[in-house]
Amino acid sequence: MIEASRVSVAYGHTPILFDVTARFTPRRLTALVGPNGCGKSTLLKAIMDFVPLTGGTITLDGEEIRSIGRRKLARRVAYLPQESHCPDYMTLGELVELAGFARYSLFGGPSAKDRELFHDALDIVGLAGMAHRQVNRLSGGQRQRAFIAMILAQDAEIVLMDEPVNHLDMKYQYATLDLIGNLTRNRGKTVVTVLHDLNLTTAFADDVVMMRDGRIVASGSVRETVTQDTVAQVFDLDADIFERDGRLVCLPGAKGRETIAA
Amino acid sequence: MTRRVVFLGAATLLLVVAFLAQLSIGAITVPMGNVFAAFWSFDPQNYEHNVVLYQRLPRALIAVYVGALMACGGTVLQGLTRNPLAAPSTLGINAGAAAFVVGGIHLLDLGLAAQGAAALAGAVLGFLVCVAVARFAGLSRDPRGLSLILSGALVSMLLVGIANAFLLADPSRRTDLLSWMSGNINHVYADRLTSFWWIGVLSLFVLAVLARPLTLMSLGPEQAASAGVDVKRVTRLSLAAVMLGSGSAVAICGPVAFVGLVVPHLVRPFVGQGQIAGLPACALAGASACLVADLAARQAFQPYVLNTGILLDLVGGLAFFVIVKRYYLGTAERTG
């Protein structure tokens, strides 16, 4: 289990995270939610040891993340950045093969078991039979699924994703989050993902961590966390929260519109 | 996969043919039988044997060394910086070597062997200054390495300016130095190859070991680190290997600019982005390009012999134009 304890992070002299304490429950999909610049992405980067902590600790099953070597960490935790780049001419097959790097020996390559895993990863994201296609020639939705396939091929039990449905249309947003949700339900993975849309969050997440100005405002299950009070506190929005077909729906009210118009 | 294997096979064949042609063709044409005889049963009294072994073989080996090291350096730098303009010539390596050699001759009257060492030191320093300026300009916040390319241009201008100042101050050596400065693959530099070959071999070995993490680095440092790459260590090791490898190549025969910039772009459509196939493909193609260019420089304009570096610059410039138009602007048009 990943635990952040009193974590603080600053970029130069600008503090980003203050005293953040959070636990991410295994085999659940946790959404990090909050306004732009509240520190969601920084929290993921801090977990990956991409940014130095100015205070606190982050542990993986009790072991401090920054003392774990990159290869060992990669076998446990996979990370999908907000903007994924792929150089020209790289094929989908090459991309997923690279994901297994942490398991290869210095001069070795993928084993038969690894190749089976790569095939499964492409199959799960619906890109089977497209291994020879160049990643940069795929459509936006296919490209995002290609990077999710890369994460699957890494075969880590914990997956961190920074806005995985950004730039996707509504259909692909639902399809991609359905896919990510299945990772926890069917494959026992722990997923922590940054999401912007509260309705997507209530539809797919098990737990929610709501953040504002570098601090955690509320955390817990979707029903405990997403309330009129927390939405007002985090987003300055007067929103109606109601239940429809067994799930919470968030409908911003007049106050939100006035605030934005002002 | 098939395309990759075919390309590697074709590039190997081209290298062998160009190497043998380099040994056989010249002011006098040595029949192939006599070329082989120069190796198997060398006769010191035989003029052709001497030409093959002491003039053409060193020249061919220098061309292979320079082509392979520069092209591999180019592909690694382009992958690391994720910038298609990165190459030893655009990141201060060539200009640093030139400034140190010309300055060293003018100030310290360096001999041929010491010139090679000065060139290597200048290449290393030129690159380090380029990286230092780029870091000062905000390299860490620049995902496409533009600050590195701009600081490379700045540092190169400065160093070439210094070299030119020394050249203008010393008319007696100007002709010799101008020839080296425009990239001169020549058997007179065989001693430098004997001194520096191990640096190139070591550099290529290090890059080969790092081939897979280097491929991952072309996805960006965070993605590479997420997959298990120790980004800092791989960056430092590979930059040191490129800096010393291409520095030693410049030290031997002067700045051969376009091989490092253009060959990786020519190779990539055939072998893809992966460095496991990319590095050997670049080494083979770069070596072949230098051999063919050197042969053309010697034979095409007889009785005059053109500097190989000048011919490579001319052909490389045209090739680069075609690459930019076809693969970069073309891709943008297709996807835009």
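Numbers given to residues run from 1 along each chain, matching the order in which its sequence is written. Chains and ligands are labelled by the order in which they are written, letters from A for the one and numbers from 1 for the other. Totals for whole chains, interfaces and linings use all residues, but because this is a predicted model, local features are given only for residues with pLDDT of at least 70 and pairs of side-chain atoms are given and counted only at 80 or more. Think of the side-chain values as coming from all heavy atoms in the structure, minus any hydrogens and water.

**Looking at the overall build of chain B**
Looking only at helices and strands, chain B has 14 helices and zero strands in total. Start at the N end of chain B and walk to the C end: the helices and strands fall as α-α-α-α-α-α-α-α-α-α-α-α-α-α. Radius of gyration means the value over C-alpha atoms here, while the globule rule gives 2.2 Å times the residue count to the 0.38 power. Computed over C-alpha atoms, the radius of gyration of chain B comes to 20 Å, within 12% of the 20 Å expected from 2.2 N^0.38 for 336 residues, which places it in the range of a compact globule. Projected onto the principal axes, the alpha-carbon positions of chain B cover approximately 65 × 55 × 35 Å. Working definition: with a 1.4 Å probe on protein chains only, accessible area under 20% of the residue-type maximum means buried, over 50% means exposed, and in between means partly exposed. Scored against the burial criterion, the 336 residues of chain B give a buried share of 56%. Pairs at least 24 apart in sequence give 74% of the contacts found in chain B among residues at least 6 apart. Where accessible areas are quoted, they stem from the Shrake-Rupley method and a 1.4 Å probe; at the residue level, only the protein chains shown are allowed to cover. As displayed, chain B offers around 14500 Å² of accessible surface, 71% of which is attributable to carbon and sulfur atoms. Side chains of chain B give 20 positive and 12 negative charges; the mean places of these two sets differ by 13 Å. Secondary structure elements follow DSSP: runs of H or I of four or more residues count as helices, runs of E of two or more count as strands, with numbering from the N terminus. We call two residues contacting when some pair of their heavy atoms lies within 4.5 Å. None of His or the chain ends enter the tally, which takes Lys and Arg as positive and Asp and Glu as negative. One atom stands in for each charge, and that atom is NZ of Lys, CZ of Arg, CG of Asp or CD of Glu.

**Observations concerning the packing of helix α4 (residues 93-108) of chain B against helix α6 (residues 146-169) of chain B**
Residues and elements named next belong to chain B. Helix axes are fitted to C-alpha atoms over the stretch in contact, other axes to C-alpha atoms as well, and angles between N-to-C directions run from 0 to 180 degrees. Contact geometry for α4 and α6: axes closest at 8 Å, N-to-C directions at 25°. If you check the angle between α4 and α6, you find them roughly parallel. In the packing of α4 onto α6, the handedness of the crossing is left-handed. Contact residues: α4 offers A95, G96, A98, A99, V102, G103, H106 and L107, while α6 offers S156, L159, V160, A163, F166, L167 and A169. Charged means Asp, Glu, Lys or Arg here, nonpolar means Ala, Val, Leu, Ile, Met, Phe, Trp, Tyr, Cys or Pro, and polar covers whatever is left, Gly included. Here the residues of the contact of α4 with α6 are counted per class, giving eleven nonpolar, four polar and no charged. Here is the rule for angles: anything less than 35 degrees is roughly parallel, anything more than 145 is roughly antiparallel, 65 through 115 is roughly perpendicular, and the remaining ranges are oblique. Should the near helix be turned counterclockwise from the far one by less than a right angle, the crossing is left-handed, whereas a clockwise turn marks it as right-handed.

**Structural notes on the nonpolar core**
In globular proteins that are soluble, nonpolar side chains generally tend to be buried together. The term nonpolar core refers to a set of buried residues drawn from Ala, Val, Leu, Ile, Met, Phe, Trp, Tyr and Cys, joined through side-chain atoms within 4.5 Å. Residues A:L95 and B:L216 are the most contacted members of the largest nonpolar core, which totals 153 residues. The biggest single contributor to this core is helix α3 (residues 47-81) of chain B, with 16 residues. What counts as a domain boundary in this text is fixed by an automatic or database domain assignment. Residues lining this core come from more than one domain, with at least three contributed by each of domain 1 (2-226) and domain 2 (227-262) of chain A. Leave out the neighbours within four places in its chain, and B:L216 touches A:L98, A:F101, A:M150, B:A224, B:A227 and B:V229. Counting 29 residues, the second-largest nonpolar core is a separate cluster that includes A:I2, A:A4, A:L43 and A:M48.

**Examining the pairing of strand β11 (residues 239-244) of chain A**
Residue and element names in this part refer to chain A. Think of it this way: DSSP has to see at least two bridges between two strands before they count as a pair. Of the pairings in the sheet, the one linking β11 to strand β12 (residues 247-252) comprises six bridges and is antiparallel in character. Opposite A239, over in β12, you have P252 as the bridge partner. Remark: two residues form the turn of the hairpin made by β11 and β12, two consecutive strands paired antiparallel; D245 in that turn has positive phi of roughly 50°.

**Considerations on the domain arrangement of chain A**
Residues and elements named next belong to chain A. One can read the domain layout of chain A as domain 1 (2-226) and domain 2 (227-262). The partner domain 2 presents 14 residues to the 18 residues of domain 1 that form the contact. Of all residues in domain 1, R212, R223 and V226 bury the most surface against domain 2, accounting for 37% of the area lost on that side. The salt bridge criterion pairs a side-chain nitrogen of Lys or Arg with a carboxyl oxygen of Asp or Glu, the two atoms within 4 Å. The interface formed by domain 1 and domain 2 contains two salt bridges. The shortest N-O distance in the salt bridge between R223 and E243 comes to 3.0 Å. Polar contact is the term for a pair of N or O atoms within 3.5 Å; when the atoms are in protein, one must be able to donate a hydrogen and the other to accept it, and sequence-neighboring residues count only if both atoms are side-chain atoms. Counting across the interface, domain 1 meets domain 2 through eight residue pairs in polar contact (both at pLDDT 80 or more). Tallied by class, residues from the side of domain 1 that touches domain 2 come to eleven nonpolar, four polar and three charged. Values labelled buried area give the accessible surface lost by two parts on being combined, using a 1.4 Å probe and summing over both.

**Quick look at the sheet that holds strand β10 (residues 215-221) of chain A**
Residue and element names in this part refer to chain A. With respect to topology, six strands assemble into an open sheet ordered β6-β7-β8-β3-β9-β10, the strand pairing being mixed. The outermost strands of the open sheet, each flanked by one partner alone, are β6 (77-80) and β10. Each strand of the sheet is rotated relative to its neighbour by a mean of 15°, with strand direction disregarded. Strand direction decides the pairing type here: strand β3 (residues 29-33) and strand β8 (residues 190-194), joined by four bridges, are parallel. Bridge pairing in β8 links L29 to V191.

**Comments concerning the pattern of salt bridges**
For the structure on display, the rule yields 19 salt bridges over all chains. Ionic pairing is found between A:K45 and B:E222, a salt bridge with its closest N-O pair at 2.8 Å. Taken together, the residues span two chains, with A:K45 in helix α1 (residues 40-47) and B:E222 in helix α10 (residues 221-226). Notably, a salt bridge pairs A:E94 with B:R4, separated by 2.5 Å at the nearest N-O pair. Of this pair, A:E94 sits in helix α3 (residues 92-99) while B:R4 sits in helix α1 (residues 2-24), on two different chains. What you see here is one network of salt bridges that share partners, running through A:D61, A:R76 and A:E157.

**Overview of helix α5 (residues 140-154) of chain A**
Structurally, the α-helix is built with 3.6 residues per turn, so residues lying three or four positions apart point the same way. Residues and elements named next belong to chain A. What a helix should span is 1.5 Å times the count of its residues minus one. Taking 1.5 Å as the rise per residue, α5 with 15 residues should run 21 Å; its terminal C-alpha atoms sit 22 Å apart, in good agreement. Burial runs high along α5: 13 of the 15 residues are buried. D155, located one to two residues past α5, shows a positive phi value of around 60°.

**A few points about the UniProt feature "domain: ABC transporter" (unreviewed entry) in chain A**
UniProt positions are given in the numbering used here, feature names are shortened, and annotations may be inferred rather than shown by experiment. Per the UniProt annotation, the sites labelled "domain: ABC transporter" (unreviewed entry) are residues 2-238 of chain A. Between the C-alpha atoms that bound residues 2-238 of chain A the distance is 33 Å, and the span itself is 37% helix and 26% strand.

**Concerning the UniProt feature "transmembrane region" (unreviewed entry) in chain B**
Residue and element names in this part refer to chain B. With numbering matched to this structure, UniProt assigns "transmembrane region" (unreviewed entry) to residues 61-79, 91-108, 114-134, 146-169, 196-216, 237-263, 275-297 and 304-324. End C-alpha to end C-alpha, residues 61-79 measures 27 Å, and it is 100% helix and 0% strand. For residues 237-263, the helix share is 85%, the strand share is 0%, and the end-to-end C-alpha distance is 23 Å.

**Quick look at the interface of chain B and chain A**
Facing 28 residues of chain B, the contacting portion of chain A comprises 35 residues. Summed over both partners, the interface of chain B with chain A buries about 2500 Å², with 59% contributed by carbon and sulfur atoms. When the buried surface of chain B facing chain A is broken down by residue, B:R212, B:E222 and B:Q223 rank first, second and third, together holding 26% of it. One can count three salt bridges joining chain B with chain A. Taken together, the links from chain B to chain A amount to five residue pairs in polar contact (both at pLDDT 80 or more). Of all the secondary-structure elements, those providing two or more residues to the side of chain B that touches chain A are α8 (190-209), α9 (211-217), α10, α12 (258-271) and α14 (308-335) of chain B. Residues that form the side of chain B that touches chain A fall into these classes: twelve nonpolar, nine polar and seven charged.

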